[in-house]
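Topology and contacts: notes
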Amino acid sequence: MALSALRGALGFLSRLPVGHSETAWDAFTATPAAFPLAGYVVGALVAIPFLAAGVLPAPVVAGAYLAAVVVVTGVNHADGLADLGDAAVVHGDTAERREVMRDTTVGVGAVLTLGTALLGLGLGALAVARLPLLTAVAVVLAAEVGAKLAMATLACLGTPSHEGFGSTMLDGNEATDLVVPLLAAGPSALLAFPATAVASVASVAVAVSLNRWADRRLGGVGGDVFGAANELARVVALHAAVATWALTDWGVLAWTP
């Protein structure tokens with residue numbers, strides 16, 4: 001069951017050639033913990049460029065990371081973020097915002113949101129590339145697991161806005177079901193403590209905030225909200241981890257185990 005759920009998660013969350021089957025999909029939608037588990041696989045792959053940190057210039061490593069994210073994960077989640085960006089700038093009611101999200105036209109809200117997210121991801125990657133090698137890899141892995149944990153958080157805490165991917169993922173899940181995804185993501189939070197732990201907390205905070213915003217503005221959570229949570233949580237987690245590492249490692253907080 002667990003392996004089937006992981007296969008289904010990777011089939012949806014990445015472009016890896018794991019194949020697609022109804023059994024794997026059903027196992028995935030019934031297993032929120034499959035989100036962070038898939039994050040370990042995706043995170044390990046997109047962290048590969050950081051193995052060259054200290055050998056290649058930081059901008060080159062950061063650029064390779066951005067390329068790896070696109071190659072491994074595709075653009076589905078970014079599309080969700082774009083749709084949410086267009087909806088966020090609509091001066092209207094819930095129905096009007098959801099209608100804008102269904103429109104294939106790319107508006108200024110989408111361009112601004114995607115551009116800001118890409119800039120944030122690039123700057124975060126640039127900062128991570130200047131960390132010690134093992135710390136950099138740990139932070140990137142934790143950020144990717146955290147991005148998937150954000151989606152699992154929505155799956156357990158959200159309410160569906162309409163029939164679709166969102167309602168499929170939310171069906172049958174309750175807040176107490178978030179415990180298992182949190183435990184699954186736990187090891188990634190300990191890799192470069194406390195930086196990676198803060199990254200995990202930040203990812204959940206993004207999901208909780210986005211869930212509240214979606215309830216107020218969209219009437220609940222849909223597939224686009226899941227995609228946006230993934231993209232936003234990754235960026236926030238990277239910056240949160242780098243900031244924490246800087247404060248603790250440079251003695252500002254003087255944390256000791």
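Scroll up to find the structure.
Attention here is on the structure that accompanies the text. (Residues numbered from 1 in each chain as written. Predicted model: local features only at pLDDT ≥ 70, side-chain atom pairs only at ≥ 80, totals over all residues. Heavy atoms only, no water.)

Turning next to the overall build of the chain. Within the chain, the regular secondary structure consists of 12 helices and 0 strands. Helices and strands appear in the chain in the N-to-C order α-α-α-α-α-α-α-α-α-α-α-α. Relative to a compact globule of 257 residues, whose C-alpha radius of gyration would be 18 Å, the chain shows 18 Å and is just as compact. Expressed along its principal axes, the backbone C-alpha trace of the chain runs to roughly 50 × 45 × 35 Å. Evaluated residue by residue, the chain yields a buried proportion of 51% over its 257 residues. (Helix = DSSP H or I, 4+ residues; strand = E, 2+ residues; numbered from the N terminus. Rg over C-alpha atoms; globule rule 2.2 N^0.38 Å. Buried < 20%, exposed > 50% of the residue type's maximum accessible area, 1.4 Å probe, protein only.)

For the structure shown, the criterion picks out 6 aromatic pairs. A centroid spacing of 6.1 Å and a plane angle of 35° characterise the contact between phenylalanine 12 and phenylalanine 28, whose relative ring orientation is tilted. Of this pair, phenylalanine 12 sits in helix α1 (residues 2-13) while phenylalanine 28 sits in helix α2 (residues 22-29), placing them 16 residues apart in sequence. On the basis of an interplanar angle of 20° and a centroid distance of 6.4 Å, the ring pair of phenylalanine 35 and phenylalanine 226 is categorised as stacked. With phenylalanine 35 in helix α3 (residues 34-46) and phenylalanine 226 in helix α12 (residues 223-249), this residue pair connects regions lying 191 residues apart in the sequence. Given a relative accessible area of 0%, phenylalanine 35 falls into the buried group. Site record: aromatic cluster; members linked through ring pairs are Phe12, Trp25, Phe28, Phe35 and Phe226. (Phe/Tyr/Trp six-rings, centres within 6.5 Å; stacked < 30°, edge-to-face > 60°.)

Quick look at the environment of leucine 218 now. Relative to the assigned elements, leucine 218 resides in helix α11 (residues 195-218). Using a relative accessible area of 2% as the deciding quantity, one classes leucine 218 as buried. For the pair formed by leucine 218 and leucine 10, sequence separation is 208 residues and the distance between their alpha carbons is 28 Å. If near-sequence neighbours (up to four positions away) are discounted, leucine 218 is found in contact with Leu84, Ala87, Thr94, Arg97, Arg98, Met101, Ser161, Trp213 and Val225. (Contact = heavy atoms within 4.5 Å.)

Residues three or four positions apart in an α-helix share a direction because the helix packs 3.6 residues into each turn. For helix α4 (residues 58-73), spanning 16 residues, the distance from its first C-alpha to its last is 22 Å, which sits close to the expected 22 Å at 1.5 Å a residue. Every buried residue belonging to α4 is among Ala58, Val61, Ala62, Tyr65, Ala68, Val69, Val72 and Thr73, and all of these are buried. Taken down its axis, α4 places every buried residue within 115° of arc, on the same side. For α4, exposure combined with an orientation more than 90 degrees from the buried face picks out Pro59 and Val71. Trailing α4 by a residue or two, glycine 74 shows a phi angle of about 80°, which is positive. (Expected span 1.5 Å × (residues − 1). Arc of directions from axis to C-beta.)

Structurally, threonine 153 is set in helix α8 (residues 133-157). Ignoring any residue separated from it by four or fewer positions in sequence, one finds threonine 153 in contact with Gly158, Leu178, Val204, Ala207 and Val208.

Direction vectors running N to C along α4 and helix α7 (residues 108-128) enclose 130°, while the axes themselves pass 8 Å from each other. Comparing their axes, α7 and α4 come out oblique. The chirality of how α4 crosses α7 is right-handed. Here Ala58, Pro59, Ala62, Tyr65 and Leu66 of α4 lie close against α7, whose contacting residues are Leu118, Leu121, Gly122, Ala125 and Leu126. Across the contact of α4 with α7, the residue classes break down as 9 nonpolar, 1 polar and no charged. (Axes fitted to C-alpha atoms, helices over the stretch in contact; angles between N-to-C directions. Parallel < 35°, antiparallel > 145°, perpendicular 65-115°, else oblique. Left-handed = near helix turned anticlockwise from the far one by under 90°. Nonpolar A, V, L, I, M, F, W, Y, C, P; charged D, E, K, R; others polar.)

Turning our eyes to something else, we now look at the side chain of threonine 248. Tracing the sequence through the fold places threonine 248 in helix α12. Separated by 2.8 Å, the side chain of threonine 248 and the backbone oxygen of threonine 244 make a polar contact. (Polar contact = N/O pair within 3.5 Å; in protein donor to acceptor, adjacent residues only side chain to side chain.)

Before going further, it helps to examine the pattern of salt bridges. Applying the stated criterion across every chain yields a total of 3 salt bridges. Note that arginine 234 and glutamate 144 form a salt bridge whose closest N and O atoms lie 2.9 Å from each other. Of this pair, arginine 234 sits in helix α12 while glutamate 144 sits in helix α8; the two residues are 90 residues apart in sequence, bridging distant segments of the chain. Like arginine 234, the residue glutamate 144 is buried in the burial classification. Through salt bridges that share partners, Glu144, Lys148, Glu231 and Arg234 make up one connected network. (Salt bridge = Lys/Arg side-chain N within 4 Å of Asp/Glu carboxyl O.)

Our focus in this paragraph is α1. Taking 1.5 Å per residue, 12 residues should reach 16 Å; α1 reaches 16 Å between its end C-alpha atoms and fits that length. Taken together, the buried positions of α1 are occupied by Ala5, Gly8, Ala9, Leu10, Gly11 and Leu13. Against the buried residues of α1 lie α2, α3, α4, α5 (76-88) and α8.

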